[in-house]
Amino acid sequence: MTWRQRLSRWDVRSAPYLYIAPFFLLFALVGLFPLLYTGWVALNRWSLVVGNQGFIGLGNFGYVLAQPRFADAVVNTFSIFLLSTVPQLLLAIFIASVLDANLRARTFWRMGVLVPYVVAPVAVSLVFGQVFADESGVINTLLGTVGLDPIGWHADRLSSHVAIATMVNFRWTGYNALIFLAAMQAIPRDVIEAAVVDGANRWRTFVHVTVPLLRPTIIFVVITSTIGGLQIFDEPRMFDTFGLGGPDREWMTVTMYLYELGWAGQRNLGRSAAVAWLLFLIILVFAVINYAITRRIASSDVRPRRAQRKAVAR
């Protein structure tokens, strides 16, 4: 075998790995290394001012888990996540179905739903801060005109969660709607036309044909929304002028508690890193649950197809 043949064989075998190597190198640099280094910081008494003061093992984790504020932050995070994600996905699918119809100026409307996503979170928080102000807010003013009592958006836990979830929905609904729209346009039109020919109206076609074919996209959006929802920081941070999550931490999330431990209050990077790893484990648990649900849905789709193939073969 000549050296050219050896070089050609080596090029064929190594080329795929060389093509994907930049991604893994970048991921190791900006993703894997910070994750592992944060784990090392979480095992030490690490001050923002003094630096590393010695190895303490799982002491930071024990301190964080014993704090009532961490439990409140977890509850607040899941509450805001549910109030934002569930309505957001339903509304995004509805908007995508409307944009998928024969509309005039479809490009204009499709670009219009993406405008809230490109607006800075600070600007969104400033606008909705006027809407949900306790005394002179738009909503409380409208409630006063009809004789209803104002809502304490910054005093009541549930009300503050609804207000923050509204900001999240405003920013991310259009983005998810475009993802669903792309998936809807990938559905073969002959499948929709066959359902219409069989006598199904528009609603039944959407529920029994379009939505089942959107399952992979729905699973993808649910996973990404879960990861983003559990890491929410900008909207609750900007909901008040102090950025502490309320006087009694009514809307303080896990990431806000992480920031308070590491930079705002205690300046203890070890405890802050412990919170980061606990949040990572929570997200990992949800990822495993989503993976299990995905496999269950995939297996339920395969069984009817196999049964149909066997029936055709017979």
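In case you missed it, the structure is sitting above this.
Presented here is a report on the structure given in the accompanying data block. (Residues numbered from 1 in each chain as written. Predicted model: local features only at pLDDT ≥ 70, side-chain atom pairs only at ≥ 80, totals over all residues. Heavy atoms only, no water.)

### Quick look at the overall build of the protein
Piece 1. Helix and strand content of the protein: 14 helices and two strands.
Piece 2. The principal-axis extent of the C-alpha atoms belonging to the protein is close to 80 × 70 × 40 Å.
Piece 3. Counting across all 314 residues of the protein, residues that qualify as buried make up 35%.
Piece 4. The contacts of the protein with a sequence gap of at least 6 include a subset with a gap of at least 24, amounting to 66%.
Piece 5. Total accessible area on the protein is roughly 19,500 Å²; 67% of this is exposed by carbon and sulfur atoms.
Piece 6. Looking at the protein, you have 27 positive and 17 negative side-chain charges, and the mean spots of the two groups are 18 Å apart. (Helix = DSSP H or I, 4+ residues; strand = E, 2+ residues; numbered from the N terminus. Buried < 20%, exposed > 50% of the residue type's maximum accessible area, 1.4 Å probe, protein only. Contact = heavy atoms within 4.5 Å. Areas by Shrake-Rupley, 256 points an atom, 1.4 Å probe, with all protein chains shown as cover. Lys, Arg positive; Asp, Glu negative; His and termini not counted. Charge placed at Lys NZ, Arg CZ, Asp CG, Glu CD.)

### Considerations on helix α11 (residues 215-230)
Piece 1. The end-to-end C-alpha distance of α11, which contains 16 residues, comes to 22 Å, matching closely the 22 Å that a straight helix rising 1.5 Å per residue would cover.
Piece 2. Regarding α11, the residues found buried are Thr217, Ile219, Val221, Ser225, Thr226, Gly229 and Leu230. (Expected span 1.5 Å × (residues − 1).)

### Remarks on the pairing of strand β1 (residues 44-47)
Piece 1. Pairing of β1 with strand β2 (residues 51-55), which is carried by three bridges, proceeds in the antiparallel orientation. Across the sheet, asparagine 44 pairs through a bridge with phenylalanine 55, a residue of β2.
Piece 2. Between β1 and β2, which pair antiparallel one after the other, the connecting turn spans three residues. (Pairing = 2+ DSSP bridges.)

### Things to note about the pattern of salt bridges
Piece 1. Under the defined criterion, the tally for this structure stands at four salt bridges.
Piece 2. A salt bridge links glutamate 260 to arginine 69; its shortest N-O distance comes to 2.8 Å. Taken together, the residues glutamate 260 in helix α13 (residues 254-264) and arginine 69 in helix α3 (residues 68-99) connect sequence positions 191 residues apart.
Piece 3. Relative accessible area serves as the criterion here: at 14%, glutamate 260 is assigned to the buried category. (Salt bridge = Lys/Arg side-chain N within 4 Å of Asp/Glu carboxyl O.)

### Considering the packing of aromatic side chains
Piece 1. All told, the structure shown has 19 aromatic pairs when counted by the stated rule.
Piece 2. Both rings, one in tryptophan 203 and one in phenylalanine 206, keep their centres 6.3 Å apart while their planes meet at 35°; by these two values the pair is tilted. Within this pair, tryptophan 203 and its partner phenylalanine 206 are both found in helix α10 (residues 202-213), separated by three residues, close to a single helical turn.
Piece 3. Given the relative accessible area of 18%, phenylalanine 206 is considered buried.
Piece 4. An aromatic cluster of three or more residues is present, and its members are Phe128, Phe132, Trp153 and Phe170. (Phe/Tyr/Trp six-rings, centres within 6.5 Å; stacked < 30°, edge-to-face > 60°.)

### Digging into the side chain of aspartate 100
Piece 1. Residue position: aspartate 100 is located in the loop between α3 and α4 (106-112).
Piece 2. You can call aspartate 100 buried: its relative accessible area is 18%.
Piece 3. When sequence neighbours within four positions are dropped, the list of residues in contact with aspartate 100 reads Leu181, Met184, Gln185 and Arg189.

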